[in-house]
Amino acid sequence: MSNLTMSFVRPMIGALALAGFALSGCGNGGNVSGIGDGFDRAIKALSGPAGQSVPLLPKGIKGTYGANCKVHKNENWALTFGAPVTVPPAVEMALNDTITGCPLLLKSITVQEGSNPALKDYPLATPFNLGRAYPPAAASVNLPAPATGFAFYANARLTGLDSPPTPGQTDTYFQDFIINTIWSDDKSLCELNAPPATYATVKATAVGSSVPPPNYGINWDALSLKVDANKIVQSSSSGSVILQLPAVMPQVGQEWKLFSDSPDCCGMNSFAEIDTFYRTGNALVTEAISGSGNITIAWDKFALLGVNLTTKKNRYIIIKNTGVGNVVSYELMQIVFAGPQP
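In this text, all values refer to a predicted model and were calculated from it rather than measured experimentally.

> Tell me what's going on with unusual backbone geometry, and back it up with residues and numbers.
The step from Ala 145 to Pro 146 runs through a cis peptide bond, and the omega angle for that step is 10°. Mapping Pro 146 onto the fold places it in the loop between β8 (139–142) and β9 (150–159). For Asn 74, which is not glycine, the phi dihedral falls at a positive 65°. Its relative accessible area of 52% is what places Asn 74 among the exposed residues.

Next comes the structure, spelled out in structure tokens:
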């Protein structure tokens, strides 16, 4: 038996589901269609203007067709994230029209404010044309009029057009496609580096124990994971994961261990399971803790060099606090390295 508490400190990243969309080689009636998909990279939940705590949830995107498009030139378009291609208003392009000659201009993010069903358009400070790659710099997303000020950041690209049938189609809409949109309160998480990670913590004590578990948090502002085109982590990565105690009621530990993925580590939900794994698991790193200062763990200690981040990779830090009579308690941090933007 145990006392167990869990808190999700940073939101796990998830993609909105796509429904009813299949890539097609020819589109419908000489045209091809696009749908929208949204990815949340926010560190903290997005919220409204200063002084307001209304949560914001991006629901779609809007923009205009280019002046030289063969169909819909200069018209407006709008997409809802996750809506199938059969649900209007889908983006419609002439088959084999060019991406540069007929660009899709992204102008705003459609946002739901709290439970209000009336969606609002949050304009991009600098609208941009969609291409195969994400622009190097994320766009600032502003609050809608009459409010003023910054809301969050966003970036977007075309996908589903990555393997054209012929070299001549590398710059064309040759089949149905997807517009991937990313948003975050952290600008760097919408740009070319891999986002550092997400994490959750579990604190565990034996029943009847008065030994408090450690209560460190994670800071990775200086962590920069570099990946190549295949999402393989490169040696040019840099920085560290830093464990920090809170300013109020800090509780130090005396030792920490870092573990990689293991069938034995996943789903630990009791003091006994965490205790057993800490004592018997194969740790990547084990270090003693001296004092109450920060604990700095260099990126290469996480055994990520050469790892493919196409699928997320888990690492586990367990910090031990030992009290009178060698009674222990633990803080378990599950860290998810989620890979670069889709």
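> How would you sum up the state of the cysteines? Please name residues and give values.
Overall, the coordinates contain one disulfide when judged by the stated rule. Between the sulfur atoms of Cys 69 and its disulfide mate Cys 102 the distance is 1.9 Å. With the S-S bond torsion at 100°, the cross-link from Cys 69 to Cys 102 turns out right-handed. Here Cys 102 lies in the loop between β5 (91–94) and β6 (104–113) and Cys 69 lies in the loop between β3 (56–65) and β4 (76–80), a separation of 33 residues in the sequence. Exposure remark for Cys 69: the relative accessible area of 4% places this residue in the buried category.

> So what about the packing of aromatic side chains? Which residues, and what values?
In this structure the tally under the stated criterion is eight aromatic pairs. Between Phe 81 and Trp 183 the ring centres are 5.5 Å apart and the planes differ by 20°, which places this aromatic pair in the stacked class. Here the residue Phe 81 occupies a position in the loop between β4 and β5, and Trp 183 occupies one in strand β10 (residues 177–184), the gap between them amounting to 102 residues. Judged by relative accessible area, Phe 81 falls into the buried class, the value being 8%. Each ring, one from Phe 271 and one from Tyr 330, has its centre 5.8 Å from the other, and the planes form 40°; the classification is tilted. Of the two residues, Phe 271 is situated in helix α1 (residues 271–280) and Tyr 330 in strand β18 (residues 328–337); the sequence distance between them amounts to 59 residues. With respect to class, Phe 271 is no different from Tyr 330; both count as buried.

> Just give me the short version of the side chain of Gln 169, but keep the residues and values in it.
By the secondary structure assignment, Gln 169 is in the loop between β9 and β10. Gln 169 has contacts with Asn 96, Arg 132, Pro 164 and Phe 174, leaving out every residue within four places of it along the chain.

About the cut-offs
Residues numbered from 1 in each chain as written. Predicted model: local features only at pLDDT ≥ 70, side-chain atom pairs only at ≥ 80, totals over all residues. Heavy atoms only, no water. Helix = DSSP H or I, 4+ residues; strand = E, 2+ residues; numbered from the N terminus. Buried < 20%, exposed > 50% of the residue type's maximum accessible area, 1.4 Å probe, protein only. Disulfide = S-S within 2.5 Å. Phe/Tyr/Trp six-rings, centres within 6.5 Å; stacked < 30°, edge-to-face > 60°. Contact = heavy atoms within 4.5 Å.

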